[in-house]
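In case you want the letters, here they are:
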Amino acid sequence: MTPPRAAVIAGASAAGLAAADGLRDGGWTGTITVLGEERRPPYDRTMLSKGLLVQPAAQPLPLRTPEQLAERGIDLQVGHAARGLDIDRRLVVTGDGGVLPYDALILATGSRPRTMTTVDGLPLPGLGTVEDLELLRDLVDAARTVTLIGTGFISLEIAAALRARHVQVTVLGADTLPLAGCLGDQVARWLWDQHRTHGVDGHLGRKVISVGGGPGDFLVHLEDGSVHHGDVALAGIGVVPCDEWLIGSGVRRRGGVLCDAAGRTGVPDVWAAGDLARTDGESPGQTLGFGHWTNAVEQGRNVGLNVARGEANAYHGPRTFWTEQYGHTIRSIGTREPGDLDETVEGDVASGEFVVLHHGRDGTWHGVTACRRDRALRGYRRLLLARAPLADAHALARQQLSSPTS
Amino acid sequence: MNGRTRIVVDATRCQAYGLCVAVHPDVFDVPAGSPIAVVLRDVVDADDVADVEQAVRVCPAQALSLQSAGDR
Ligand SMILES: Cc1cc2nc3c(=O)[nH]c(=O)nc-3n(C[C@H](O)[C@H](O)[C@H](O)COP(=O)(O)OP(=O)(O)OC[C@H]3O[C@@H](n4cnc5c(N)ncnc54)[C@H](O)[C@@H]3O)c2cc1C
Ligand code: SF4
């Protein structure tokens, strides 16, 4: 009798669990082992920088119940990291020195906050895990002023959450207008105005040169010579892939694990998904990473289905993300390419209720960003999925305006 | 299976993110002020199923589940 085939998934979060479900949904009858470095069962990471930071003690929601895992025959091993990979013998080396043989391996170890240290080598806290959240809560409890370095989504969400706790917040970053690249100038300006209205102090468009001092009195030096004090200094300067365990393994990496749109890494039976993966774009040589939840889930599931069915279907679903700041939930579907025009087709950005299309000057339509128009979004999503031309989006906007759905 | 499915929102888990609404607004809604999503049509037809299943997968709180309408 041949032993059951073994699927090993490294990384127990959005992508890894979706891959496990995809395997079962695709008919995988072998074993499924999911390795997770974190000690606690997988949870909703997106909540860390939102409601959870405002509340003193609430915990994020677990992604699966033990019953759900048992029912689907998914062996989740938390606190058990992958530390190495032998692609010739098809073994994953784990943190306790053990080895796990695989017939199929899915790499889904995600990303972690990029670290930044003070001139004395003290690492500044970031926010990527529940442990980080707990540390941050403690720090913030004892602080009057917090200096946030970086102006990405997570940083701005942290700023908004800290304002809800009445902490004085200073945001520092090299971008003159946070998030303008992905939301467009108008929406980005409106969002930054929300921060200003809620009392966030910003010094933008100037690079951070160094951070000195320590707990209770951090001093952040900017390139214009100004120095900004904070009881606490936090780093929100993006993420780096958790791929160091693959160094020397033969899996190709460049800012993450390289794979095709189906999730294949080029190493036989080794696949990748989620924040860790950098997939082939549509033009030659282009690779894309997309560090957002829905993408991790859908990509993970697609890989699981491919492995189970012995197929190599590409995942080309539109990229979507959301962010929540000061009670406004902004959603984007598709992309905004550099130089895109941003056209408001429903509502009005200043009112906080809008649909904005992102398209090239040649009329190629790339994506849509909306706030308080959730019910309008499905139509645009379908059009983007069908690669419809801009004219169809305009027609949809006219139709939705004449018969509002919400 | 008769192709009809019932959607259940777990009120203890739903965080009113509204991702489900963006995926399928004819089926899900988070009314202003509501702490959880409401299902506008709790039995969905075969042609809604793909979008509803996507909503179930991407809900970060894993608050949605599907039951075959014949189940109870
Ligand atoms: C604070 C915060 C807020 C966010 N908010 C949003 C949001 O509002 N909207 C949105 O779309 N996205 C948001 N994101 C991004 C979203 O959470 C990620 O895109 C998503 O979690 C990626 O899923 P993943 O499974 O690929 O990787 P991750 O969630 O990063 O999970 C990877 C897992 O693998 C584990 N791991 C790492 N190395 C190893 C190893 N060697 N062996 C075993 N396990 C390992 C890690 O511990 C981790 O648990 C947010 C992220 C953060 C940090
Ligand atoms: S996506 Fe999930 S958490 Fe969000 S409103 Fe829908 S059911 Fe609730």
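Here the structure is a predicted model, which is why all the values come from computation and not from measurement. (Residues numbered from 1 in each chain as written. Chains lettered and ligands numbered in written order. Predicted model: local features only at pLDDT ≥ 70, side-chain atom pairs only at ≥ 80, totals over all residues. Heavy atoms only, no water.)

Asks: Whenever I open this one, the overall build of chain A confuses me. Can you help?
Replies: Helix and strand counts for chain A come out as 10 helices and 25 strands. By the compact-globule yardstick of 22 Å for 406 residues, chain A fits well, its C-alpha radius of gyration being 22 Å. Burial analysis of chain A (406 residues in total) assigns 55% to the buried set. Pairs at least 24 apart in sequence give 60% of the contacts found in chain A among residues at least 6 apart. Accessible surface, chain A as shown: approximately 17400 Å² in total, 51% of it carbon and sulfur. The average position of the 40 basic charges and that of the 47 acidic charges among the side chains of chain A differ by 3 Å. (Helix = DSSP H or I, 4+ residues; strand = E, 2+ residues; numbered from the N terminus. Rg over C-alpha atoms; globule rule 2.2 N^0.38 Å. Buried < 20%, exposed > 50% of the residue type's maximum accessible area, 1.4 Å probe, protein only. Contact = heavy atoms within 4.5 Å. Areas by Shrake-Rupley, 256 points an atom, 1.4 Å probe, with all protein chains shown as cover. Lys, Arg positive; Asp, Glu negative; His and termini not counted. Charge placed at Lys NZ, Arg CZ, Asp CG, Glu CD.)

Asks: Would you explain the overall build of chain B in this entry?
Replies: Of the regular secondary structure elements, chain B holds 2 helices and 5 strands. When the helices and strands of chain B are listed from N to C terminus, the series reads β-α-β-β-β-α-β. Relative to its length of 72 residues, chain B is compact, with a C-alpha radius of gyration of 11 Å against a globular reference of 11 Å. Considered along the principal axes of its C-alpha atoms, chain B spans approximately 35 × 20 × 20 Å. When burial is assessed residue by residue, chain B has 49% of its 72 residues classed as buried. Carbon and sulfur atoms make up 50% of the accessible area of chain B, which amounts to about 3300 Å² in all. Separation between the mean location of the 6 positive side-chain charges and that of the 10 negative ones in chain B comes to 6 Å.

Asks: What am I meant to see in the environment of Leu172(A) here?
Replies: In this fold, Leu172(A) is placed in strand S10 (residues 168–173). Its relative accessible area of 0% is what places Leu172(A) among the buried residues.

Asks: Help me out: how do you make sense of the site of ligand 1 in this one?
Replies: All names here are of chain A. Neighbouring ligand 1 are 35 residues, the closest being Ser13, Glu38, Arg45, Lys50 and Asp275. Take Ala15: an N or O atom from its main chain is 2.8 Å from an oxygen atom of ligand 1. A distance of 2.8 Å is found between an oxygen atom of ligand 1 and a backbone nitrogen or oxygen belonging to Asp275. Relative to its unbound accessible area of 1000 Å², ligand 1 is 94% covered by the protein chains. Of all the secondary structure elements, the ones that give two or more residues to the shell around ligand 1 are helix H1 (14–25), strand S2 (31–36), strand S4 (82–86), helix H5 (153–164), helix H8 (293–309) and strand S21 (320–325). Of the residues assigned to the shell around ligand 1, the class counts are 16 nonpolar, 12 polar and 7 charged. There are two domains that each give the shell around ligand 1 at least three residues, and those are domain 1 (6–112 + 240–309) and domain 2 (115–237). (Near = heavy atom within 4 Å. Polar contact = N/O pair within 3.5 Å; in protein donor to acceptor, adjacent residues only side chain to side chain. Nonpolar A, V, L, I, M, F, W, Y, C, P; charged D, E, K, R; others polar. Domains from an automatic or database assignment.)

Asks: What is the right way to read the sheet that holds strand S14 (residues 227–230) of chain A from this model?
Replies: Adjacent strands of a sheet form backbone hydrogen bonds with each other and so pair up, either parallel or antiparallel. All names here are of chain A. Here 3 strands make up an open sheet; going across it, the order is S12-S13-S14 and the pairing antiparallel. The two strands at the open ends of the sheet, each matched to only one other strand, are strand S12 (208–214) and S14. Going from strand to strand, the sheet's axes swing by 20° on average, the running direction of each strand aside. Sheet topology places S12 next to strand S13 (residues 217–222); 6 bridges connect them, and they run antiparallel. Looking at S13, one finds that Gly213 is bridged to Phe218. (Pairing = 2+ DSSP bridges. Axes fitted to C-alpha atoms, helices over the stretch in contact; angles between N-to-C directions.)

Asks: Is there a simple way to think about the confidence of the model for chain B in this case?
Replies: Regions with low pLDDT carry predicted coordinates that are not meant to be interpreted in detail. Residues and elements named next belong to chain B. When the pLDDT values of chain B are averaged, the result is 85; 90% of them are 70 or greater. Element-level mean pLDDT values for chain B span from 78 in strand S4 (residues 43–44) up to 93 in strand S3 (residues 38–39). Interface scoring of the predicted complex returns ipTM 0.86; its pTM is 0.95. (pLDDT = per-residue confidence, 0-100.)

Asks: Help me understand the packing of helix H9 (residues 374–385) of chain A against helix H10 (residues 390–402) of chain A, please; the structure alone is not making it clear to me.
Replies: All names here are of chain A. Packing of H9 against H10 brings their axes to within 10 Å, and their N-to-C directions diverge by 160°. When the axis of H9 is compared with that of H10, the two are roughly antiparallel. Between H9 and H10 lies a crossing of right-handed hand. Contacts between H9 and H10 involve Ala376, Gly379, Tyr380 and Leu383 on the former and, on the latter, Asp392, Ala393, Leu396, Ala397 and Gln400. Taken together, the residues of the contact of H9 with H10 break down into 6 nonpolar, 2 polar and 1 charged. (Parallel < 35°, antiparallel > 145°, perpendicular 65-115°, else oblique. Left-handed = near helix turned anticlockwise from the far one by under 90°.)

Asks: Looking at this structure, how should I read the site of ligand 2?
Replies: Around ligand 2, the neighbouring residues are Cys14(B), Gln15(B), Ala16(B), Tyr17(B), Gly18(B), Leu19(B), Cys20(B), Val30(B), Ala37(B), Cys59(B), Ala61(B) and Leu64(B). Residue composition of the shell around ligand 2, by class: 10 nonpolar, 2 polar and no charged.

Asks: In this structure, what is going on with helix H2 (residues 49–58) of chain B? I would like to understand it.
Replies: Think of an α-helix as turning once every 3.6 residues; residues three or four places apart then point the same way. When you tally the buried positions in H2(B), you get 7 out of 10 residues, the bulk of the element. Val49(B), Asp51(B), Val52(B), Gln54(B), Ala55(B), Val56(B) and Val58(B) are the residues of H2(B) that are buried.

Asks: Any chance you could explain the pattern of salt bridges here in plain terms?
Replies: Opposite charge on two side chains lets them pair, provided their charged atoms get close. Applying the stated criterion across every chain yields a total of 28 salt bridges over all chains. Asp269(A) is the salt-bridge partner of Arg90(A), the closest N and O atoms lying 2.8 Å from each other. With a gap of 179 residues between them, Arg90(A) in the loop between S4 and strand S5 (91–94) and Asp269(A) in the loop between strand S17 (257–259) and strand S18 (270–272) connect regions that are remote in the sequence. Residue Asp29(B) is joined to Arg375(A) by a salt bridge in which the shortest nitrogen-to-oxygen separation is 3.9 Å. Taken as a pair, Asp29(B) in strand S2 (residues 28–29) and Arg375(A) in helix H9 lie in two separate chains rather than in one. Summarising the burial analysis for this pair, Asp29(B) and Arg375(A) share the class buried. Residues joined in a network through salt bridges with shared partners are Asp21(A), Asp25(A), Arg64(A), Arg72(A) and Arg301(A). (Salt bridge = Lys/Arg side-chain N within 4 Å of Asp/Glu carboxyl O.)

Asks: Looking at this model, I keep getting lost on the side chain of Asp260(A). Mind explaining?
Replies: All names here are of chain A. Positionally, Asp260 belongs in the loop between S17 and S18. Assessed through its relative accessible area of 17%, Asp260 is described here as buried. In this structure the side chain of Asp260 is engaged in a polar contact, spanning 2.8 Å, whose partner is the backbone nitrogen of Arg264. Excluding residues within four positions of it along the chain, Asp260 makes contact with Thr279 and Asp280.

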